[in-house]
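A look at the structure
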Amino acid sequence: MGAARERVSVSREVAAPPDRVWAMVSDLARMGDWSPENDGGRWTGTDSDGTPAVGDTFRGRNHRGRRNWTTNVTVVDADPPRRFAFRLKIGALGGCDWIYEIEPTDAGCRVTETWLDERTRPLKVVGWLFTGVSDRASHNRATMEQTLEHLAEAAEAA
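Note that the structure is predicted; figures quoted are calculated from it, not measured.

Quick word on the overall build of the chain
Along the chain, the regular secondary structure elements total three helices and seven strands. Starting at the N terminus and ending at the C terminus, the chain contains elements arranged as β-α-β-β-β-β-β-β-α-α. A compact globule built from 158 residues should have a C-alpha radius of gyration of about 15 Å, and the chain, at 15 Å, falls within 12% of that. C-alpha atoms of the chain, sized along the principal axes, occupy 45 × 35 × 30 Å.

Structure representation (structure tokens):
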């Protein structure tokens, strides 16, 4: 019943400074502004200045068509302006990590969004029932490309 580890990564050049992009990807409440599947949500545990820190928690809202679901995630890495990551974990059923890595470039930065799947088979079945997505890796690749496109447009317009 162990989790099979699958990894999907998508990168995008962004003509904006790394600190601006990090602030955008680490503001999970605004993730719905760029993601076609996530609708944002609310922080349930943050430090006093509102900047996400390791251990902070967030309750996200998601949709696909008429299907809606929520997730609880925990920040597992917060290294501004280079890396931001959070984990969805459902006990022994596993979960997944979402990782944003930001590298400076001459024109701004390169953002890489990675989804690291560590769901067990039973959680994959539950996920399919809630979301209607049977091939989560292909689906996530497509939505990650859209997310980074929208993120780049917003970061470059700011």
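Some points on the side chain of D56
With respect to the helices and strands, the residue D56 is situated in the loop between strand 2 (38-45) and strand 3 (57-64). Comment: no salt bridge for buried D56; closest opposite-charge side chain is R42, at 13 Å. Within the structure, the side chain of D56 is placed 2.8 Å from the backbone nitrogen of A53, a separation counted as a polar contact.

Quick notes on the packing of helix 1 (residues 18-25) against helix 3 (residues 136-157)
At their nearest, the axes of helix 1 and helix 3 sit 10 Å apart, and the two run at 130° to each other. Between helix 1 and helix 3, the interaxial angle falls into the category oblique. The two elements helix 1 and helix 3 cross, and the hand of that crossing is right-handed. Here R20, V21, M24 and V25 of helix 1 lie close against helix 3, whose contacting residues are L151, A154 and A155.

Things to note about the nonpolar core
Grouped together as the largest cluster of nonpolar side chains are 30 residues, with contacts concentrated most on V14, V21, F84, V111 and L151. The element contributing the most residues to this core is helix 3, with six residues. Beyond its immediate stretch of four places on either side in the chain, F84 contacts W22, V25, S26, L28, W43, P52, V75, D77, A78, W98, I99 and Y100.

A word on unusual backbone geometry
For the bond from P80 to P81, the omega torsion is -10°, close enough to zero to count as cis. Positionally, P81 belongs in the loop between strand 4 (67-79) and strand 5 (83-89).

Quick word on the environment of V126
Mapped onto the elements, V126 comes out in helix 2 (residues 121-131). V126 sits 16 residues away from R110 along the chain, and the two C-alpha atoms are 34 Å apart.

Some points on the side chain of T112
Within the secondary structure, T112 sits in strand 7 (residues 108-119). In terms of polar contacts, T112 uses its side chain to reach the side chain of S11, at 2.7 Å. With sequence-adjacent residues up to four places away left out, T112 is seen in contact with S9, V10, S11, I99, Y100, E101 and E103.

Overview of the pairing of strand 3
The sheet contact formed by strand 3 and strand 4 spans eight bridges and is antiparallel. For R59, the partnering residue across the bridge sits in strand 4 and is N72. Counting the residues in the hairpin turn of strand 3 and strand 4 gives two residues, including G65, whose phi is positive at 60°.

Regarding the packing of aromatic side chains
For the structure on display, the rule yields four aromatic pairs. Measuring from centroid to centroid gives 6.0 Å for F84 and F86, while their planes differ by 50°, and the two rings are tilted. An identical accessibility class is assigned to F84 and F86; each is buried. Aromatic pair W98 and W115: ring centres 6.4 Å apart, planes at 45°, arrangement tilted. Taken together, the residues span a long stretch of sequence, with W98 in strand 6 (residues 94-105) and W115 in strand 7 at a distance of 17 residues. No difference in accessibility class separates W98 from W115, as the two residues are buried. Taken together, the ring pairs in this structure connect W22, F84 and F86 into an aromatic cluster.

Rules and cut-offs
- Residues numbered from 1 in each chain as written.
- Predicted model: local features only at pLDDT ≥ 70, side-chain atom pairs only at ≥ 80, totals over all residues.
- Heavy atoms only, no water.
- Helix = DSSP H or I, 4+ residues; strand = E, 2+ residues; numbered from the N terminus.
- Rg over C-alpha atoms; globule rule 2.2 N^0.38 Å.
- Buried < 20%, exposed > 50% of the residue type's maximum accessible area, 1.4 Å probe, protein only.
- Lys, Arg positive; Asp, Glu negative; His and termini not counted.
- Salt bridge = Lys/Arg side-chain N within 4 Å of Asp/Glu carboxyl O.
- Polar contact = N/O pair within 3.5 Å; in protein donor to acceptor, adjacent residues only side chain to side chain.
- Axes fitted to C-alpha atoms, helices over the stretch in contact; angles between N-to-C directions.
- Parallel < 35°, antiparallel > 145°, perpendicular 65-115°, else oblique.
- Left-handed = near helix turned anticlockwise from the far one by under 90°.
- Contact = heavy atoms within 4.5 Å.
- Core = buried A, V, L, I, M, F, W, Y, C linked by side-chain atoms within 4.5 Å.
- Pairing = 2+ DSSP bridges.
- Phe/Tyr/Trp six-rings, centres within 6.5 Å; stacked < 30°, edge-to-face > 60°.

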